[in-house]
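Topology and contacts: notes
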Amino acid sequence: ADRVSVVGLWLSTALTQLNATQDVIANVLEATIEGQMRAWRGIQRLSHSAFPFALLQLLQTCMHIYLWLSALAFAPFLSWFTPLGTVTFAVLFFGIDEAALQLSDPFGRDASDLPMYCVIEQTQRDMQGVLIAYANSYGAAAER
């Protein structure tokens, strides 16, 4: 099991141990935890779905053909500057392609990835604080 599932299970168990299933706040917390777990599972499904290699190869081939043919389109307008225009155009295209490659897998631990594990740890700390505050208020209400 991954860390997120363990934290979700821990939070659900902590709410259950408080015997507060009838309480509105506990129900809202439980629904929030379930919503976050559902969102995390969706993100994990997206991150593990592979893009077909054949389609990537086809796109790369089409881009190369387009770049070679763009020189013919630039020739009447740029005359002797056609190679400069074509190289500039190619650098832009390959730069966009590299940026797309970096963004194609945003859920990891690379420098260009989203800080999902930092978000998870912060959410874990926030939920622990909420549960501690709730347990303290629930214990204070039970003492009355």
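See above for the structure.
The numbers attached to residues start from 1 for each chain and follow its sequence in the written order. With pLDDT at 70 or above as the cut-off, local features in this predicted model cover only qualifying residues; side-chain atom pairs require 80 or more to be listed or tallied, and sums for whole chains, interfaces and linings still use all residues. The side-chain values count all of the structure's non-hydrogen atoms but skip hydrogen atoms and water molecules.

1. Points about the overall build of the protein
Only DSSP runs of H or I reaching four residues or more are called helices, and only runs of E reaching two or more are called strands; each is numbered from the N terminus. When helices and strands are tallied, the protein shows five helices and zero strands. Each helix (α) and strand (β) of the protein, taken in turn from the N terminus, gives the series α-α-α-α-α. Using C-alpha atoms as the atom set, the radius of gyration is obtained and then compared with a globule rule of 2.2 Å times the number of residues to the power 0.38. Since a compact globule built from 144 residues should have a radius of gyration of about 15 Å, the 26 Å found for the protein marks it as more spread out than a globular shape. Seen through its principal axes, the protein has C-alpha atoms that stretch 90 × 25 × 25 Å. Out of the 144 residues in the protein, the part that is buried amounts to 21%. If you take every contact in the protein between residues at least 6 apart in sequence, the share linking residues at least 24 apart comes to 57%. Neither His nor the chain ends is counted toward charge; the positive residues are Lys and Arg and the negative residues Asp and Glu. For charged residues, the charge sits on one atom: NZ in Lys, CZ in Arg, CG in Asp, CD in Glu. Distance from the positive charge centre (7 side chains) to the negative charge centre (12 side chains) of the protein: 7 Å. Each residue gets one of three labels from its accessible area relative to the maximum for its type: buried under 20%, exposed over 50%, partly exposed in between, using a 1.4 Å probe on protein chains only. By definition in these notes, contact holds between two residues if any of their heavy atoms fall within 4.5 Å.

2. As for helix 1 (residues 3-17)
Expected helix span is given by 1.5 Å per residue-to-residue step, counting one fewer step than there are residues. Helix length check: helix 1 (15 residues) gives 21 Å between terminal C-alpha atoms against 21 Å at 1.5 Å per residue, within 8%. Those residues of helix 1 that fall on the buried side of the exposure criterion are Val4, Val7, Gly8, Leu11, Ser12, Ala14 and Leu15. For helix 1, the buried positions fall inside an angular range of 160 degrees around the axis, keeping them on one side. Helix 1 presents Leu9 and Gln17 as exposed residues on the side facing more than 90 degrees away from its buried surface. When we speak of the arc, we mean the arc of directions from the helix axis to the C-beta atoms.

3. Focus: the packing of helix 3 (residues 53-78) against helix 4 (residues 82-103)
Axis lines are fitted through C-alpha atoms, for helices just across the contact stretch, and the angle between N-to-C directions can take any value from 0 to 180 degrees. The N-to-C vectors of helix 3 and helix 4 enclose an angle of 150 degrees; their axes lie 9 Å apart at closest approach. The pairing of helix 3 with helix 4 is recorded here as roughly antiparallel in orientation. Read as a crossing pair, helix 3 and helix 4 show a hand that is right-handed. Taken together, the residues of helix 4 that come into contact with helix 3 (itself represented by Gln60, Met63, His64, Tyr66, Leu67, Ser70, Ala71, Phe74, Ala75 and Leu78) are Thr82, Gly85, Thr86, Phe89, Ala90, Phe93, Phe94 and Asp97. Of the residues contributing to the contact of helix 3 with helix 4, the split by class is eleven nonpolar, six polar and one charged. For classification purposes, an angle smaller than 35 degrees is called roughly parallel, one larger than 145 roughly antiparallel, one from 65 to 115 roughly perpendicular, and anything else oblique. By convention the crossing between two helices is left-handed if the near helix lies anticlockwise of the far one by an angle smaller than a right angle, and right-handed if it lies clockwise. All amino acids are sorted into three groups, where Ala, Val, Leu, Ile, Met, Phe, Trp, Tyr, Cys and Pro are nonpolar, Asp, Glu, Lys and Arg are charged, and the leftover types, Gly among them, are polar.

4. Quick word on the environment of Asp2
Relative to the helices and strands, Asp2 is located in the segment before helix 1. Accessibility expressed as a relative area gives 33% for Asp2, which makes it partly exposed. Asp2 sits 96 residues away from Glu98 along the chain, and the two C-alpha atoms are 30 Å apart.

5. Observations regarding the pattern of salt bridges
What makes a salt bridge here is a side-chain nitrogen of Lys or Arg within 4 Å of a carboxyl oxygen of Asp or Glu, nothing more. According to the stated counting rule, one finds one salt bridge in the structure shown. Residues Glu34 and Arg41 are paired through a salt bridge, measuring 3.2 Å at the closest nitrogen-oxygen approach. Given a relative accessible area of 36%, Glu34 falls into the partly exposed group. Residue classification places Arg41 among the partly exposed positions, given a relative accessible area of 39%.

6. Structural notes on unusual backbone geometry
Of note, the phi angle at Ser79 is positive, near 45 degrees, even though the residue is not glycine. If you trace the backbone, Ser79 turns up in the loop between helix 3 and helix 4.

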